[in-house]
Amino acid sequence: MPDELGQHRAALTELLLSIADDKLMLGHRNADWTGLAPILEEDIAFSALAQDDIAHAGALFDLLADWNDDDANRLAFGRQPDEYRCAALVTLSDEFDWAVALVRQFCCDHFDQLRLARLAASSLQPLADLAARMAREEALGVGHADQWIVRLSGATAEARQRVESALRIVLPLTPGLFEEPAGVAELEACGLYPGSTDQMHGQWCEMVSNVLEHAGLPATLPPRSGEAGGRRGRHPAEFPGLLDEMCEVYRSEPQAQW
Amino acid sequence: MSVSAGDNIKLDWERQEDPQRLAAFEARIDAGELVEADDWMPQNYRVGMLRMAEHHANSEIVGALPEGEWITRAPSLKRKLALIAKVQDEVGHGQMLYRVSQDLGKPRDAMLRDLCTGRTKYHNVFNYPAPTWADVAMIQWLVDGAAIMNQKSLADGSYGPYVRTMRRINMEEAFHFKSGEDMVLTLMSGTPRQRRDTQAAFDRWWMPCLMFFGPPDKDSTKTSPFMTWRIKTLTNDTLRQRFVDRFAPAAIDLGLEIKTKQRDASGAIVSDDLVPDELIVHDEASGHYGFTQPDWDEFNRVIRGNGPLNRERVGLRRFSYEQGAWVRRAVLGQTCGLPLAN
C-alpha cells in the first residue's frame, strides 16, 4: 500500500474485503449450476458469471495480500467466519430454484455495477483501473440478468409466479448489500471512494425498479436498514456450514500446495 | 405423449441401399472426403453416427457431474476457477455435440429425456466415484488423457460436422489435460498424505481407463462396418495399447504404482484387492508396454447399469432436468415431460 494511504489502511481493507467476499461467495453459489442449469446455454452463462466474480475476488485478494503481506488463498479460504465481510444475500442458498439464483444475481449485479463505478473514480489509480476493468465485465452480467427477468416474466404464468416468489425471498435481503463497511466515511471524504451509500442506494432502486416495472412485476423495494450484519462479520446461521464445505480441502493441509 | 423421438432410429443391417449411391458414397469415404449433413448417406451410417455423437454428447454432460461436485471444495482460487472453466467446457462440448446429433435427425430434448430415463447411455467411466480432490486431478489427467487419445482418432473420421467438432474439442481437452498433469505433479510433490491420496485415486481410475476404450476387439460386434465407413478409425485394442504406452511410463515417472486385481495361476480374478501389475514391462522388440486386462465382468456389470454410481448420475441429471422444466416451458414452449421415475 502506498505510504500516504497508511492512515486509511484499515478502512480500505474493510471496503475491499466486502467487495471481494461478496464476489467470492456469489461466484461460489452460481457455480452450483455448472453442469445442472435448466438449459445448456445458461449452464455455460452461469459458469461464466461465476468465473468473472471469483476472478474479481481473486484480483482484490491479490491487492490486499500485497498491501498487508498476506496470501490471497488464505484470505479466500483461511479466515474465521466472523472475519468475512460479505452480505447475507450473496450466500443465500437458491435451493436449486433457478428463479432465486437469477433474482439474486440481478440484485447483486446492479449493486456491484454501482459500487465498482464509485471505485473506478477513486483517487488511487491502480485501484481505479482495476475497478474499471471489472465494471466492464459486470455490465455483461447486468444485461444478462435484466433480459432474463423480463423474458421470464412475459412468458408463462408459471414463470412469472416463480420470479415473483423469488423476489419475495431475495428483496428483503437487499438492504444488507448497502450496510456500510467500517470506516467508509473517511474513504468518501478523501476521494478514495467517491460518492455516498445513500446516493448509490437511490440509483440502485431506480435501476432495479425500472427493470421490474418493464417486466410488469411489483417493484416495492425495501428501505435501507441500520442493522449490523455481514459487513461487521455477523452472518446467517448457515454461513459457517457454507465455509466448512468451501474450505474443506484447503483446511485439511493449510500449508500444502494444491 | 411420446417420450422419445428415437424410436425409428435403429440400425438395420437387412436394409438394401441403392447400390450405385452406396458405391459412390464408399468411394468418397475411401478418397478421404468428408460427408456433410445434407449429403446422401446410408441409413445405417446416419444411425451409427447419430448414436456415436449422442453417446458422446451424453458423456460430456454426465462427465460434468463427478468433477462438478468438487467445485464447491476446490482448495485454491486458481483451481476453483480452472475447475469451473473445465466443467463449463464439458457442458459446451455437450451442447456442440447435441447440435451435430440434431442435424442427424433427433431433437435435443428427446436426447436429454432419453438420457434421464436410461434409454440411452453415456460413458461407463463416469459411473465411478470421485471421493477425494486427488480424484479430480486423476480425472483431468488420466480420463481426459484417454478421451483425447480416442477423440484424436475420431477427428480422422468421415462425418464433417463431427470431425470439425472433434478438432475443436481436442484443442480444449489439451488444456484440461495440461491442467490435470499439473495437479497430479503438484500433489505427487506434496505432503505424504497428498501422495497417498493420489496413489489411491490412481488405483481407482487406472482400470476404468483401460475399460474406457470398450471391450476387447474379439468381443466387439460393431467395429467392422463402422471402420469401413470411418465412423471409427482405430479399434478398441489399438487405442487401449496406445493409452498404456503413453501413460504407464508417465505414471511410473511420477512415482505411481500400477496395480491390478489379484488373480490365481489360471488368470481368474480371486479378489478385488489390488496387487502390482507385473506385466507392466516395456518390451523392446514390440516397442509396447505389457499390461493386465481389466475386469471385463465388472465392465459388463457397469454398462448394464449396476456400477457404483449409475443410479446417482442418472438421478442427478433427471433432478436437473425436472428442476429446469419450467424455464424450458417458458422460453422454448416445451411441453414434453418425463415419465415417472421407476
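That block above? That's the structure.
Cut-offs and rules
- Sequence order as written defines residue numbering, which begins from 1 separately in each chain.
- Both sets of labels track the order of writing: A upward for chains, 1 upward for ligands.
- Residues qualify for local features only when their pLDDT is at least 70, as the model is predicted, and side-chain atom pairs are given and counted only at 80 or more; totals for whole chains, interfaces and linings, by contrast, use all residues.
- Note on conventions: DSSP H or I runs of at least 4 residues are helices, E runs of at least 2 residues are strands, and numbering of each starts at the N terminus.
- Atoms counted for the radius of gyration: C-alpha only. Globule rule: 2.2 Å times residue count to the power 0.38.
- Here exposure depends only on C-beta density: within 10 Å of a residue's C-beta, 20 or more other C-beta atoms make it buried, 12 or fewer make it exposed, and intermediate numbers make it partly exposed, the C-beta atoms being placed from the backbone.
- Here, residue contact means that the backbone-derived C-beta atoms of the two residues sit within 7 Å.
- Fitted lines through C-alpha atoms serve as axes, helices being fitted only where they are in contact, and the angles separating the N-to-C directions of these axes extend from 0 to 180 degrees.
- Note on terminology: angles under 35 degrees are roughly parallel, angles over 145 are roughly antiparallel, angles of 65 to 115 are roughly perpendicular, and the others are oblique.
- Residue type decides the class: Asp, Glu, Lys and Arg count as charged, Ala, Val, Leu, Ile, Met, Phe, Trp, Tyr, Cys and Pro as nonpolar, and the leftover types, Gly among them, as polar.

1. Observations concerning the overall build of chain A
Scanning chain A from terminus to terminus reveals 11 helices and zero strands. The helix and strand sequence of chain A, counted from the amino end, reads α-α-α-α-α-α-α-α-α-α-α. Taking 2.2 N^0.38 as the reference for a compact globule, 258 residues should give roughly 18 Å; the C-alpha atoms of chain A span a radius of gyration of 18 Å, in line with that estimate. Dimensions of chain A along its principal axes, counting C-alpha atoms only, are 55 × 45 × 30 Å. Within chain A, the fraction of its 258 residues that count as buried is 47%. For chain A, long-range pairs separated by at least 24 residues make up 72% of all intrachain contacts whose partners lie at least 6 apart in sequence.

2. Structural notes on the overall build of chain B
The helix and strand tally for chain B stands at 12 helices and four strands. What you see for chain B is a C-alpha radius of gyration of 21 Å, in line with the 20 Å of a compact globule of 342 residues. For chain B, the spread of C-alpha atoms along the principal axes amounts to about 60 × 55 × 35 Å. Intrachain contacts of chain B at a sequence separation of at least 6 include 72% that bridge at least 24 residues.

3. Topic: the packing of helix 6 (residues 160-188) of chain B against helix 7 (residues 192-211) of chain B
Residue and element names in this part refer to chain B. The geometry of helix 6 relative to helix 7 is characterised by a closest axis approach of 7 Å and an angle of 130° between their N-to-C directions. Relative to helix 7, helix 6 is oriented oblique. Along the contact surface, helix 6 presents Val184, Leu187 and Met188, while helix 7 presents Gln194, Arg195 and Thr198. Its residues assigned to classes, the contact of helix 6 with helix 7 shows three nonpolar, two polar and one charged.

4. Some thoughts on the environment of alanine 101 of chain A
Tracing the sequence through the fold places alanine 101 of chain A in helix 5 (residues 98-120). Sequence separation of alanine 101 of chain A and tryptophan 33 of chain A is 68 residues, and the distance between their C-alpha atoms is 9.0 Å.

5. Some details on the environment of glutamate 257 of chain B
Residue and element names in this part refer to chain B. Note that glutamate 257 resides in the loop between helix 9 (236-253) and strand 1 (259-263). Taking the number of C-beta atoms within 10 Å as the measure of exposure, glutamate 257 has 15 and is therefore partly exposed. For the pair formed by glutamate 257 and glutamine 293, sequence separation is 36 residues and the distance between their alpha carbons is 16 Å. Discounting residues that sit within four places of it in the chain, glutamate 257 has contacts with Gln199 and Pro276.

6. Observations regarding the interface of chain A and chain B
At the interface, 40 residues of chain A touch 35 residues of chain B. When residues of the side of chain A that touches chain B are traced back to their parent elements, those giving at least two are helix 2 (40-68), helix 3 (72-77), helix 6 (125-153), helix 7 (157-170), helix 10 (239-246) and helix 11 (248-252) of chain A. Element by element, the count of residues in the side of chain A that touches chain B is highest for helix 2 of chain A, at 10 residues. Within the side of chain A that touches chain B, the residues separate by chemical class into 23 nonpolar, nine polar and eight charged.

7. Some points on unusual backbone geometry
Although it is not a glycine, glutamate 95 of chain A adopts a positive phi angle of roughly 50°. The topology assignment puts glutamate 95 of chain A in the loop between helix 4 (88-91) and helix 5. Phi is positive for arginine 230 of chain B, which is not a glycine, with a value near 55°. Positionally, arginine 230 of chain B belongs in the loop between helix 8 (223-228) and helix 9.

Remember that the coordinates give geometry; whether it matters functionally is a separate question.
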